[in-house]
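Secondary and tertiary structure notes
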Amino acid sequence: MKVSELSVDDFVKYARLEDVREFDGDVNLQNYLDAAKSYVKNYAALTDEIMDRNEEISLAVLAVANDMYANRLHSSTYNNAYLNKLISAIVGMHSRNLI
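Values in this document were obtained by computation on a predicted structure and should not be read as measured data.

Each pair of packed helices can be described by the angle between their axes along with the distance between the axes. The contact between helix 1 (residues 8-15) and helix 2 (residues 21-43) brings their axes to 9 Å, and the two run at 110 degrees. When the interaxial angle is binned, helix 1 and helix 2 end up roughly perpendicular. For the element pair helix 1 and helix 2, the recorded crossing hand is right-handed. Together, Val 8, Asp 9, Phe 11 and Val 12 of helix 1 and Arg 21, Asp 26, Leu 29, Gln 30, Tyr 32 and Leu 33 of helix 2 make up the contact between the two elements. Class assignment of the residues belonging to the contact of helix 1 with helix 2 gives a composition of six nonpolar, one polar and three charged.

Below, the structure written as structure tokens:
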């Protein structure tokens with residue numbers, strides 16, 4: 001799936017947020033998804049076209065959105081440290097700002 005095609009529904013399914021969706025609302029969840037897209041894009045200095053060309057970046061965006069949502073109230077744990085390494089590896093493969 002292309003990053004530009006990711007929706008709140010995709011995020012809800014990925015993060016298993018069906019039960020909390022009615023409390024947090026689509027607008028709030030969309031904010032996390034938008035922030036994750038922006039983070040990945042800026043982290044690796046990618047264009048929208050490059051992000052859409054590499055479908056594995058969609059997984060990184062969903063993982064970042066989930067991490068942002070899951071850690072909105074508490075600090076990271078060991079398991080989240082592993083996840084962040086995974087995200088860094090996926091996004092790093094496409095990074096254009098290797099100064």
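After that view of the structure, there is still more to cover.
Spanning 15 residues, helix 4 (residues 56-70) covers 21 Å between terminal C-alpha atoms, matching the ideal 21 Å at 1.5 Å per step. Among the residues making up helix 4, those that are buried are Ile 57, Ser 58, Ala 60, Val 61, Leu 62, Ala 63, Val 64, Ala 65, Asp 67 and Tyr 69.

At a minimum axis distance of 10 Å, the contact between helix 1 and helix 4 shows a crossing angle of 70 degrees. Compared by their axis directions, helix 1 and helix 4 come out roughly perpendicular. Every pair of crossing elements has a handedness; the one defined by helix 1 and helix 4 is right-handed. Here helix 1 contributes Asp 10, Phe 11, Tyr 14 and Ala 15 to the contact with helix 4, which in turn contributes Leu 59, Leu 62, Ala 63, Ala 65, Asn 66 and Tyr 69.

Our next topic: the nonpolar core. If you look at soluble globular proteins, the nonpolar side chains tend to sit buried side by side. Among the nonpolar cores identified, the biggest contains 24 residues, and Phe 11, Leu 17, Leu 29, Val 40, Met 51, Ile 57 and Val 61 are the most heavily contacted of them. For this core, the elements supplying multiple residues, two or more each, are helix 1, helix 2, helix 3 (48-53) and helix 4. Those residues in contact with Val 40 that lie beyond four places of it in its chain are Leu 46, Met 51, Ile 57, Ala 60, Val 61, Val 64 and Val 91.

It is worth spelling out the packing of aromatic side chains at this point. The geometry of two aromatic rings is summed up by the distance between their centres and the angle between their planes. Under the counting rule described, the total for this entry stands at two aromatic pairs. Seen in terms of ring centroids, Tyr 32 and Tyr 69 are 5.3 Å apart; in terms of plane orientation they differ by 85 degrees. Their pairing is edge-to-face. Of the two residues, Tyr 32 sits in helix 2 while Tyr 69 sits in helix 4, which places them 37 residues apart along the sequence. Judged by relative accessible area, Tyr 69 falls into the buried class, the value being 6%.

Attention shifts here to the pattern of salt bridges. Scanning the entire structure with this criterion turns up three salt bridges. Arg 21 is the partner of Asp 26 in a salt bridge, and the nearest nitrogen-oxygen pair spans 2.7 Å. Look at Arg 21 and you get partly exposed, because its relative accessible area is 23%. The salt bridge involving Lys 41 is made with Asp 48; its shortest N-O contact spans 3.0 Å.

Thresholds, definitions, all that
- Residues numbered from 1 in each chain as written.
- Predicted model: local features only at pLDDT ≥ 70, side-chain atom pairs only at ≥ 80, totals over all residues.
- Heavy atoms only, no water.
- Axes fitted to C-alpha atoms, helices over the stretch in contact; angles between N-to-C directions.
- Helix = DSSP H or I, 4+ residues; strand = E, 2+ residues; numbered from the N terminus.
- Parallel < 35°, antiparallel > 145°, perpendicular 65-115°, else oblique.
- Left-handed = near helix turned anticlockwise from the far one by under 90°.
- Contact = heavy atoms within 4.5 Å.
- Nonpolar A, V, L, I, M, F, W, Y, C, P; charged D, E, K, R; others polar.
- Expected span 1.5 Å × (residues − 1).
- Buried < 20%, exposed > 50% of the residue type's maximum accessible area, 1.4 Å probe, protein only.
- Core = buried A, V, L, I, M, F, W, Y, C linked by side-chain atoms within 4.5 Å.
- Phe/Tyr/Trp six-rings, centres within 6.5 Å; stacked < 30°, edge-to-face > 60°.
- Salt bridge = Lys/Arg side-chain N within 4 Å of Asp/Glu carboxyl O.

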